[in-house]
Amino acid sequence: QVHLVESGGGLVQAGGSLTLSCAASGNIFALRTMGWYRQAPGKQRELVATITRAGSANYADSVKGRFSISILNAKKTVYLQMDKLKPEDTAVYYCNLEYVSGSNAWGQGTQVTVSS
């Protein structure tokens, strides 16, 4: 069973930057992707970015050109570099691990707040 631990959330002014990290413990042999989702108050959880072991990344249109996802396989850690943050990026960010089987594991979430 995998356990995901997120860190790096916080409060930042619009235009600023934050870096989120998510470390996985346990067996991730059958990993398909790791990535980030977010959920703002009153909204559904949405994809932010995902990445495969080989480094192939996928981004939501709303964050393309501003966010960058990377993976360090040796440390079983995925990072999300967030630049040019906007107030609409305010949400709880959840780390996700999707297995080849289609099942998912989730982190506990970390709050990102962008003030205008």
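Remember, predicted model here, so these are calculated numbers, not experimental data. (Residues numbered from 1 in each chain as written. Predicted model: local features only at pLDDT ≥ 70, side-chain atom pairs only at ≥ 80, totals over all residues. Heavy atoms only, no water.)

All right, on to the environment of Tyr99 then. By the secondary structure assignment, Tyr99 is in strand 9 (residues 91–99). The class for Tyr99 is buried, based on a relative accessible area of 15%. Separated by 69 residues in sequence, Tyr99 and Ala30 place their C-alpha atoms 5.5 Å apart. Those residues in contact with Tyr99 that lie beyond four places of it in its chain are Val2, Asn27, Ala30, Leu31 and Arg32. (Helix = DSSP H or I, 4+ residues; strand = E, 2+ residues; numbered from the N terminus. Buried < 20%, exposed > 50% of the residue type's maximum accessible area, 1.4 Å probe, protein only. Contact = heavy atoms within 4.5 Å.)

Here we take up the nonpolar core. Ranked by internal contacts, the top residues of the largest apolar core, which has 32 residues, are Leu4, Met34, Trp36, Leu80, Met82, Tyr93 and Leu97. Elements supplying a minimum of two residues to this core: strand 3 (18–25), strand 4 (31–39), strand 5 (46–51), strand 7 (67–72), strand 8 (77–82), strand 9 and strand 11 (110–115). Broken down by element, this core gets its largest block of residues, five residues, from strand 9. Excluding residues that lie within four positions of it along the chain, Met82 makes contacts with Gly16, Ser17, Leu18, Leu20, Arg66, Phe67, Tyr93 and Val112. (Core = buried A, V, L, I, M, F, W, Y, C linked by side-chain atoms within 4.5 Å.)

Further remarks concern the pairing of strand 4. Most of strand 4 sits out of view: seven of its nine residues are buried. Here eight bridges tie strand 4 to strand 9, and the two strands are oriented antiparallel to one another. In the sheet register, Gln39 faces strand 9, and the bridge partner there is Val92. Here strand 4 pairs with strand 5 via five bridges, running antiparallel. (Pairing = 2+ DSSP bridges.)

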